[in-house]
Amino acid sequence: IGPAGEHRVKYANLTSGERVAGRGGTGAVLGDKNVKAIVARGNRKPDIANPEKTKQLTKNWVAALRKHPFCGERLPKYGTAGLVRSMQKGHTLATKNFAAGQYDNYEAISGETLSAKYLIKNKGCMTCPIQCGRQVGRSGKAIKGPELETIGLWGPNLLNSDLQAIIEWNYQMDELGMDTISAAGCVAFAMELNEKGLWQSGLEFGVTDQIPQVLHDIAYRRGIGDELAEGTRYLSQKYGGSEFAMQVKGMELSAYEPRGAVGQGLGYAVSNRGGDHLNAGYTMIYEGLAMNVKPRKVQAKAELTVLNQNIMEAASAAGSCLFTLYAFVPGFLIKKPHSVISRVVNAVMASSLVAATLRLVMKANDKVLPIHMPGLPHSQLISAVTGMRVKFMTLCQIGERGYNLERLYNVKRGLTAADDRLPGRLVNELEDPQLPDSKVPLAILKRKYYRIRGWDQSGVPLAKTLRRLGLVLRDFLI
Ligand code: SF4
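Everything quoted here is computed from the prediction, not taken from an experiment. (Residues numbered from 1 in each chain as written. Predicted model: local features only at pLDDT ≥ 70, side-chain atom pairs only at ≥ 80, totals over all residues. Heavy atoms only, no water.)

Draft legend 1. Broad picture of helix H8 (residues 163–176). Taking 1.5 Å of rise per residue, 14 residues should cover 20 Å, and H8 covers 20 Å from first to last C-alpha, within 8% of that figure. Taken as a whole, H8 has its buried residues at Leu 163, Ala 165, Ile 166, Ile 167, Trp 169, Asn 170, Gln 172, Met 173, Asp 174 and Leu 176. Capping the start of H8, Asp 162 holds a side-chain oxygen 3.2 Å from the backbone nitrogen of Gln 164, two or three residues further along. The positive-phi residue at the C-terminal boundary of H8 is Gly 177, with phi of around 80°. (Helix = DSSP H or I, 4+ residues; strand = E, 2+ residues; numbered from the N terminus. Expected span 1.5 Å × (residues − 1). Buried < 20%, exposed > 50% of the residue type's maximum accessible area, 1.4 Å probe, protein only. Polar contact = N/O pair within 3.5 Å; in protein donor to acceptor, adjacent residues only side chain to side chain.)

Spelled out as structure tokens, the structure:
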């Protein structure tokens with residue numbers, strides 16, 4: 001952990017080399033326990049049940065990822081920042097503390113600009129064929145470059161188009177050990193509080209000279225930094241403005257403005273972790289990033305959210321990067337988004353027929369549906385590595401079990417259905433006054449979501465749901 005963790009900044013992170021476990025304030029937890037670092041060592045190789053099959057499957061998987069237009073082209077070429085243009089187009093690029101979803105100067109901070117002006121080479125996690133990370137130039141030295149969330153939230157969300165400055169702040173926040181997403185959310189909120197005369201923080205949209213000092217002050221809890229270190233929820237409780245405090249369950253939202261992607265909005269609201277795009281289920285992938293499944297319509301969104309949350313939960317539990325999951329979207333939908341077939345697929349995906357089918361499929365098990373899903377070799381690899389019999393439905397159920405366990409833990413800690421919410425701005429105000437459906441119809445989506453999950457109206461898993469999942473902990477946990 002860095003100084004932010006040592007000073008228990010609520011969004012301090014853990015760093016391993018250049019990779020960061022950014023969200024949830026784990027750095028503050030370690031800081032609170034006086035733990036500076038965790039060292040692991042060992043020289044035993046893991047036992048693999050079927051080494052030959054594992055090798056072959058891995059080879060095929062790497063080849064498929066390299067051929068895929070999202071995993072093998074866009075991410076390696078532009079990094080995650082390569083999504084900026086799609087977000088601008090879909091009104092999902094959070095701008096001015098989520099007051100809007102588009103930013104006029106978006107090209108200045110796009111992945112294309114980052115690559116053209118600053119990229120030295122790609123750098124990512126060990127053995128990964130995607131290598132979405134960036135090494136960028138700074139005073140003749142190669143340093144880690146920013147990714148999409150950092151660029152979006154320190155760029156458009158603060159009305160800032162200085163990419164060089166974002167590169168500097170990103171590096172500084174890594175050195176200080178703090179989550180770039182939550183830090184940006186706090187600064188944007190402080191700017192709006194200042195603008196509305198609710199807190200004289202001295203911070204203004206579009207004025208960024210003082211940002212390096214503010215970051216330092218947050219990490220060391222000096223001046224206004226001491227209050228910013230407590231997070232957006234704390235600030236809204238003290239100074240007001242909860243309707244534009246962009247947090248859920250105390251966690252600041254990621255860079256996707258959900259009024260242009262209502263499934264993502266539902267995900268933010270019900271996410272066990274809070275305002276995090278990944279634990280939310282990242283339905284953004286269907287709602288404008290890789291596909292275009294009617295982003296402002298509710299049809300099939302609760303179903304897709306549950307399905308994605310479960311699959312992502314299982315992939316995480318298996319130690320697999322979530323970006324490997326997006327090879328599931330057929331390449332032609334990404335390469336030719338306006339072709340007749342792509343338009344038909346997107347329309348069908350948003351139909352009640354697909355919604356009903358998904359609900360049915362999610363109730364199935366490997367006996368009823370004994371398949372591995374094309375594009376998702378995770379279940380095959382888990383089988384080859386562990387020797388367990390895992391097909392696609394078991395993978396989904398592993399994820400579902402994890403998601404329900406997290407929910408039970410939250411319930412035990414006092415969370416209720418009222419915590420599955422979004423800031424008022426996102427559900428009451430139109431993102432674009434010309435678009436009457438440009439807000440998140442959360443009440444409808446949430447009702448459907450609870451039903452599909454097998455939770456009661458308070459968002460608590462029903463006993464029969466837990467029995468189906470083999471979780472017999474309900475009485476113990478609640
Ligand atoms: S494992 Fe994931 S995060 Fe790491 S470089 Fe590869 S795609 Fe990027």
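Next comes the rest of the write-up.
Draft legend 2. Examining the nonpolar core more closely. In this structure, Trp 154, Met 178, Leu 228, Tyr 256, Tyr 282, Tyr 326 and Tyr 449 are the most contacted members of the largest nonpolar core, which totals 120 residues. Looking at which element gives the most residues to this core, the answer is helix H9 (residues 180–195), with 10 residues. For this core, the two domains that each supply at least three residues are domain 1 (79–255) and domain 2 (257–478). Beyond its immediate chain neighbours, meaning those up to four positions away, Tyr 449 contacts Leu 266, Val 270, Ala 302, Thr 305, Val 306, Gln 309, Tyr 403 and Trp 455. (Core = buried A, V, L, I, M, F, W, Y, C linked by side-chain atoms within 4.5 Å. Domains from an automatic or database assignment. Contact = heavy atoms within 4.5 Å.)

Draft legend 3. Structural detail: the packing of helix H13 (residues 262–270) against helix H14 (residues 301–317). Running from amino to carboxyl end, H13 crosses H14 at an angle of 55°, the nearest separation of the two axes being 9 Å. What the angle tells us is that H13 and H14 run oblique. For the pair H13 and H14, the sense of crossing is right-handed. Residues Val 262, Gly 263, Leu 266, Gly 267 and Val 270 of H13 lie in contact with H14, whose contacting residues are Lys 301, Ala 302, Thr 305 and Gln 309. (Axes fitted to C-alpha atoms, helices over the stretch in contact; angles between N-to-C directions. Parallel < 35°, antiparallel > 145°, perpendicular 65-115°, else oblique. Left-handed = near helix turned anticlockwise from the far one by under 90°.)

Draft legend 4. How the structure looks around the pairing of strand E5 (residues 141–144). In this sheet, E5 lies alongside strand E4 (residues 134–138) in antiparallel orientation, the contact comprising four bridges. Directly across from Val 136, in E5, lies its bridge partner Ile 143. (Pairing = 2+ DSSP bridges.)

Draft legend 5. Here's a closer look at the site of the ligand. The local shell around the ligand consists of Arg 19, Gly 124, Cys 125, Cys 128, Ile 130, Gln 131, Cys 132, Cys 321 and Phe 323. Here the shell around the ligand is built from residues that sort into six nonpolar, two polar and one charged. (Near = heavy atom within 4 Å. Nonpolar A, V, L, I, M, F, W, Y, C, P; charged D, E, K, R; others polar.)

Draft legend 6. Representation of the layout of surface pockets in the model. Estimated volume of the second largest pocket: approximately 570 Å³. Lining the second largest pocket we find 25 residues, and of these Lys 89, Gly 288, Met 291, Asn 292 and Pro 337 sit closest to its centre. Mapped by element, the contributors of at least two residues to the lining of the second largest pocket are helix H4 (69–78), helix H5 (84–89), helix H15 (331–335) and helix H16 (340–349). Partitioning the lining of the second largest pocket into residue classes produces eight nonpolar, nine polar and eight charged. (1 Å grid on protein atoms, 1.4 Å probe; cavity = no way out; pocket = protein on both sides within 12 Å on 5 of 7 lines; lining within 4 Å. Points joined across faces, edges and corners; volume = space filled by probe spheres on them.)

Draft legend 7. A look at empty space enclosed by the protein. Taken as a whole and judged by the stated rule, the model has three cavities of 30 Å³ or more. Looking at the lining of the largest cavity, its residues break down into nine nonpolar, one polar and no charged. Considering only enclosed or pocket space, the second largest cavity measures out at about 40 Å³ in volume. Lining the second largest cavity are Met 362, Ala 364, Met 393, Cys 396, Gln 397 and Glu 400. With four residues, the top contributor of residues to the lining of the second largest cavity is helix H19 (residues 392–412). In terms of residue class, the lining of the second largest cavity is built from four nonpolar, one polar and one charged.

Draft legend 8. View of the environment of Ala 314. Tracing the sequence through the fold places Ala 314 in helix H14. Taking C-alpha positions, Ala 314 is 15 Å from Arg 389, a pair spaced 75 residues apart along the chain. In this structure Ala 314 touches Leu 395, Ile 398 and Gly 399, once residues within four positions along its chain are discounted.

Draft legend 9. Here's a closer look at a nonpolar patch on the surface. There is a patch of nonpolar side chains on the surface, built from Val 340, Val 344 and Val 348 and spanning about 250 Å² of accessible area. In this structure Val 344 comes out as partly exposed when scored by relative accessible area, which is 45%. (Patch = residues over 30% accessible without salt bridge, like charges linked within 9 Å, V, L, I, M, F, W, Y side chains within 5 Å. Areas by Shrake-Rupley, 256 points an atom, 1.4 Å probe, with all protein chains shown as cover. Salt bridge = Lys/Arg side-chain N within 4 Å of Asp/Glu carboxyl O.)

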